[in-house]
Every structure is written in C-alpha cells, then in structure tokens.
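Residues per chain are reported as follows:
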Amino acid sequence: MTDEIKFLLQKTLTSRKFWAAVAASVPLALAHDWQDFAIVWIAYAGIQGAVDSCEALPSKREREA
C-alpha cells in the first residue's frame, strides 16, 4: 500500500466528520431509506471536499507573505 493511501485511510478513520456520517447513515440504511442515506454521504463528501480544498489552497496571509 502506498504512503498516500495509508495517509488517506488514517486521516479518514480518525475524522469525526466521517464517523458522524456513519452514525447518521446506519439507521437510514437499516430503514431502507436510500435517498436520505445518499444525502448524508453527499453532504459528507461536500464538506470533506471543502476542507481538503481549504487545506490545499494558500491562506490570504500566506499569499501576502
């Protein structure tokens, strides 16, 4: 396994956002409410994408320096 994949797995499995999405989606899956299940994971992906992009882009202070 490459270092990038190991880092991604470690980051995901220690993320509170990930475990909140798991906790919110399990009851929906058990109730076969697939639409709301999908909404939970789409929201998680959107939030995680925003976090990742904020980490990748330089902040205003870094750009000014």
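Please read these numbers as outputs of a predicted model, since none were measured by experiment.

How each quantity is defined
- Residues numbered from 1 in each chain as written.
- Predicted model: local features only at pLDDT ≥ 70, side-chain atom pairs only at ≥ 80, totals over all residues.
- Heavy atoms only, no water.
- Helix = DSSP H or I, 4+ residues; strand = E, 2+ residues; numbered from the N terminus.
- Buried < 20%, exposed > 50% of the residue type's maximum accessible area, 1.4 Å probe, protein only.
- Areas by Shrake-Rupley, 256 points an atom, 1.4 Å probe, with all protein chains shown as cover.
- Axes fitted to C-alpha atoms, helices over the stretch in contact; angles between N-to-C directions.
- Parallel < 35°, antiparallel > 145°, perpendicular 65-115°, else oblique.
- Contact = heavy atoms within 4.5 Å.
- Nonpolar A, V, L, I, M, F, W, Y, C, P; charged D, E, K, R; others polar.
- Phe/Tyr/Trp six-rings, centres within 6.5 Å; stacked < 30°, edge-to-face > 60°.

### Observations regarding the overall build of the chain
Working step 1: Of the regular secondary structure elements, the chain holds four helices and zero strands.
Working step 2: Its helices and strands in sequence order give the chain the pattern α-α-α-α, from N to C terminus.
Working step 3: Within the span of the chain, comprising 65 residues, buried residues form 14% of the whole.
Working step 4: Within the structure as shown, the chain displays about 5400 Å² of accessible surface, and the carbon and sulfur contribution to it stands at 67%.

### Some thoughts on the packing of helix 2 (residues 16–30) against helix 3 (residues 34–56)
Working step 1: One can describe the packing of helix 2 onto helix 3 by two numbers: an axis separation of 8 Å at closest approach and a directional angle of 170 degrees. Considering their axes alone, helix 2 and helix 3 lie roughly antiparallel with respect to each other. Listed contacts from helix 3 to Lys17, Phe18, Ala21, Val22, Ala24, Ser25, Leu28 and Ala29 of helix 2 are Trp34, Asp36, Phe37, Val40, Trp41, Tyr44, Ile47, Gln48 and Val51.
Working step 2: Considering only residue class, the contact of helix 2 with helix 3 consists of 13 nonpolar, two polar and two charged.

### Quick notes on the side chain of Gln48
Working step 1: Turning to its location among the elements, Gln48 is positioned in helix 3.
Working step 2: Among all residues touching Gln48, those that are not within four sequence positions of it are Lys11, Ser15 and Lys17.

### Describing the packing of aromatic side chains
Aromatic ring pairs are described here by two measures, namely the spacing of the ring centres and the angle between the planes.
Working step 1: Throughout the structure, instances matching the rule amount to five aromatic pairs.
Working step 2: Each ring, one from Trp34 and one from Phe37, has its centre 5.7 Å from the other, and the planes form 80 degrees; the classification is edge-to-face. In this pair, Trp34 and Phe37 both sit in helix 3, three residues apart, roughly one turn of the helix.
Working step 3: A relative accessible area of 47% means that Trp34 is categorised as partly exposed.
Working step 4: For Phe37, a relative accessible area of 26% translates into the label partly exposed.
Working step 5: Joined through ring pairs, the aromatic side chains of Phe18, Trp19, Trp41 and Tyr44 make up one cluster.

### Topic: unusual backbone geometry
Working step 1: Although it is not a glycine, His32 sits at a positive phi angle of roughly 60 degrees.
Working step 2: Take His32: it is sitting in the loop between helix 2 and helix 3.
Working step 3: Taking relative accessible area as the criterion, His32 reaches 58% and is therefore assigned exposed.

Taken by themselves, the reported measurements are silent on function.
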